[in-house]
Amino acid sequence: MKLNISQEQANACRQIAKEVALEIQRDIAPLSTVSVERAILRLLGIEGEKEKIPYVNILVDNLKEQKALEEGVLYWIANACLNTGLSPQDVALKVVSGSFNPVHLSRKSFQEVKNKAEELATESLSRLYKKKKAREALKQSFPPSLPPLLYVIVATGNIYDDIAQAKTAAEQGADCVAVIRSTAQSLLDYIPEGITTEGFGGTFATQANYRLMRQALDEVAQKVSRYIYQVNYCSGLCMAEIAVLAILEGLDIMVNDAFYGILFRDLNMYRTMVDQHFSRYLLGLFDIIITTGEDNLIKTVDAFKEYSIVLVSQFINEQLAQQAGMKKELIGLGHAAELDPKIPDSLLWELTQAQLVRQLFPRSPVKFMPPTRYKTGNIFFAHALDTIFNLVAVWTDQRIVLLGMPTEALHTPYVQDRFLSLESALHIRNASRSFSRELQFIRNGQADKRACELLTQAMETLIKIREAGIWNALSRGVFSQIKREKRGGRGYEGVFKKGKFYLNPFLDKKIVMQARRRAV
Amino acid sequence: MNIGEVRPYGDRMNDGAIQISFSLPVPVSARSIEAVKLIAARMGMNNIRLVHAQDMGNNFSFYILYGAINISVDLQAIHVPEVELQLFDFWEINDLIRREFERKVVVIGATIGVDAHTVGLDAIISAKGFGGESGLERYPQFEVFNLGAQVPPELVVEYSKKIHADVVLVSQVVTQRNVHLFNLSLLAELLEAEKLRDKLILICGGPYINAQVALETGFDAGFGPGTTPLQVASFIVHELMKRKMRKK
């Protein structure tokens, strides 16, 4: 099934988006953030907390207070390792307990420090690559379902209840399980530690919770003979650090959008752009899929009239992820079926839009999101809407399908809500598997016309963004009329300019290659 | 229709027909099926028909039942304070504010106390809205300040003073030991003490909030689950006009 759209126009959109992404890249290249620095510490294996404050925060804050952060944490850790012969974790312990001040140690020559930093980075990466190999072996023994992968959420607030729900969902046919995070975790400038059993509307993303869920999903994979993808959220003020936790604990898919935090969480735009870049770079190294959040853009506006903003965001998200080194197969662009079901032919338009996204990004593991806006409590109509949504998803051969719940907007899903949704999705996946190969749009019919219009609108907006510059565009409300100030929003104080001795060998291709070879 | 004796309706008057569905944390068995019927019987159901029983995996099972209940209610005897409201549409609301009120209406939204649940608050005020309707942020004539979650009542008071708020919207979800009643009353009292109460339209909302709760805690209105932004916006406009009339 194909829409008759202009390939030239699609290429032009990509080219403009690339220029927009390059502008972002140019402006963030000289910058780092406290979150990126904490991510580097976590990569080095530093963990633990003192009085509820993670060591990585204590270290970064300590350097910041001494106005020494511009060299980057790795410079000081490597220098301290050289001076003391200790491991990064032991250096962290000594600094936290006040045994020595890393800034007061004698400064070794830059070349020595750089060599040490590279050695530490290579060790860390090769350790992580070894872990990745074990995960790949598991995936080979229990191959995942063929797409579309069925994606459900659990959100009890208690990791143990989440586990029971997740295992049940897997037995019911789910392929991906996402644990919703506690309300407003994205606004915390640190990652809480430990196993948690109380959250608000979700469960805290902690390394310990990631680990428990991973064990549970690997267990159930053996029971159902099917690999189950673990999903969480790489967003908010700790985006870069969360990426490291995902790598450490073997997660498969991370929700990660370049604009979501800026638009919907009022995070500072420079902070978010720097953090998304490093987080995507790391996730890309370890073949973790990202999914972007374009569904949110049409939840706030007239989804029919302004649908093209989804395409605009997808084009830019794709380019930003590619500039962070990700391959297209890992960039799961998001979109959603959020049209008012009362619009005449709404189903035809949903089908057109879903097909258009698939066709514009054929290598992307696109993630399709279910209707939510017009669900208000009639669970029976909601279930009917979801079933039709499932049909559109399978018909247009989507890759990852987030299942709608009959009780959307009422409560976090009960065990039977998820069961009914999966039952419907499994039925549709089986019953309409060959639709995309057997059925065709009428050439130059209404669907083709709508697709061409949307692509043209997307191109016009992309041109506007390129002309204004992305930062100005964001402050003028190009995305869903939400305006953000360049220096406004949360987390701006955590952005800093890299100094002349700044070091981050994790970004070095040679180091990555070396680590990969060493892991074999 | 005798509204003195109303019963659930299936396909014949007064048949009392209802349907329920629920899950049990055990697999389906002859015993679990009997257990389900027993639960229904203890709920007061007669003519119980278990129409569906299914395993859901991981030792959970799902049941659908039909039956009848022998309960009738007298509608005349029920007294509920209802917010009876004529709804305006998006354009009417903006036009009315522009015409009747010289400036934009300043709205503060927050969940107060320890409450971190912002879903309801966001449904009403964030642009995203709810049920296909835009939230108050989308209305050009409302200027909205979302203070977010877990705001101490004192801060709400301070902020209202600072930005000359016209409306304060408070969401409360957590009801353990009636903490929501305590928080709401406290806020109303603090505003009274600061002589701000009469200048403000004070609105609360949440799953366990209704007009009665509003009355008890000194609020102007209380909205329960399923409330849409349009209802809240319409209430605000009605209240503004009412107060303007009173001044004249």
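Residues numbered from 1 in each chain as written. Chains lettered and ligands numbered in written order. Predicted model: local features only at pLDDT ≥ 70, side-chain atom pairs only at ≥ 80, totals over all residues. Heavy atoms only, no water.

**Overview of the overall build of chain B**
What chain B contains, in helices and strands, is seven helices and eight strands. Taken over C-alpha atoms, the radius of gyration comes to 23 Å for chain B, far larger than the 18 Å a tight globule of 248 residues would show. In terms of overall dimensions, chain B has C-alpha extents of about 70 × 45 × 35 Å along its principal axes. Considering chain B as a whole, with its 248 residues, one finds that 42% of them fall into the buried category. Accessible surface computed for chain B: about 13500 Å², of which carbon and sulfur atoms make up 54%. The positive charge centre, built from 24 side chains, and the negative charge centre, built from 28, are 2 Å apart in chain B. (Helix = DSSP H or I, 4+ residues; strand = E, 2+ residues; numbered from the N terminus. Rg over C-alpha atoms; globule rule 2.2 N^0.38 Å. Buried < 20%, exposed > 50% of the residue type's maximum accessible area, 1.4 Å probe, protein only. Areas by Shrake-Rupley, 256 points an atom, 1.4 Å probe, with all protein chains shown as cover. Lys, Arg positive; Asp, Glu negative; His and termini not counted. Charge placed at Lys NZ, Arg CZ, Asp CG, Glu CD.)

**Side note on the sheet that holds strand S8 (residues 221-223) of chain B**
Residue and element names in this part refer to chain B. With parallel pairing, five strands are arranged side by side in an open sheet as S5-S4-S6-S7-S8. On the outer flanks of this sheet lie strand S5 (142-151) and S8, each paired with one strand and no other. Each adjacent strand pair in this sheet contributes to an overall mean axis angle of 20 degrees, direction not counted. Note that strand S6 (residues 167-171) and strand S7 (residues 201-205) share five bridges and pair parallel. Considered in S7, the bridge of Ser171 is made with Gly205. Running over the sheet, helix H4 (residues 153-163) touches strand S4 (105-112), S5 and S6 and is turned about 170 degrees from S4. (Pairing = 2+ DSSP bridges. Axes fitted to C-alpha atoms, helices over the stretch in contact; angles between N-to-C directions. Contact = heavy atoms within 4.5 Å.)

**Examining the domain arrangement of chain A**
Frequently, the measure chosen for interface size is the accessible area that the parts lose on association. Residues and elements named next belong to chain A. For chain A, the assigned domains are domain 1 (31-123) and domain 2 (142-449). If you average the C-alpha positions of domain 1 and of domain 2, the two centres end up 36 Å apart. Listed per partner, the contact involves 17 residues of domain 1 and 18 residues of domain 2. The three residues of domain 1 that bury the most area against domain 2 are Ser35, Arg42 and Leu43, which together make up 35% of that side's buried surface. At the junction of domain 1 with domain 2, the criterion picks out three salt bridges. The closest approach of N and O atoms between Arg42 and Glu241, which form a salt bridge, is 2.9 Å. Counting across the interface, domain 1 meets domain 2 through six residue pairs in polar contact (both at pLDDT 80 or more). For the side of domain 1 that touches domain 2, the secondary structure elements donating two or more residues are strand S1 (31-33), helix H2 (34-43) and helix H3 (55-65). With eight residues, H2 is the largest single contributor of residues to the side of domain 1 that touches domain 2. Residue composition of the side of domain 1 that touches domain 2, by class: eight nonpolar, five polar and four charged. (Domains from an automatic or database assignment. Buried area = accessible area lost by both parts, 1.4 Å probe. Salt bridge = Lys/Arg side-chain N within 4 Å of Asp/Glu carboxyl O. Polar contact = N/O pair within 3.5 Å; in protein donor to acceptor, adjacent residues only side chain to side chain. Nonpolar A, V, L, I, M, F, W, Y, C, P; charged D, E, K, R; others polar.)

**Some points on the side chain of Ser279 of chain A**
Secondary-structure assignment places Ser279 of chain A in helix H11 (residues 269-285). Classification of Ser279 of chain A as buried rests on a relative accessible area of 0%.

**Considerations on a nonpolar patch on the surface**
Taken together, the side chains of Met1, Ile3, Tyr9, Met13, Ile71, Val73, Leu75, Ile78 and Val80 of chain B present a nonpolar region at the surface, about 910 Å² in accessible area. The topology assignment puts Val73 of chain B in the loop between strand S3 (60-69) and helix H2 (90-100). (Patch = residues over 30% accessible without salt bridge, like charges linked within 9 Å, V, L, I, M, F, W, Y side chains within 5 Å.)

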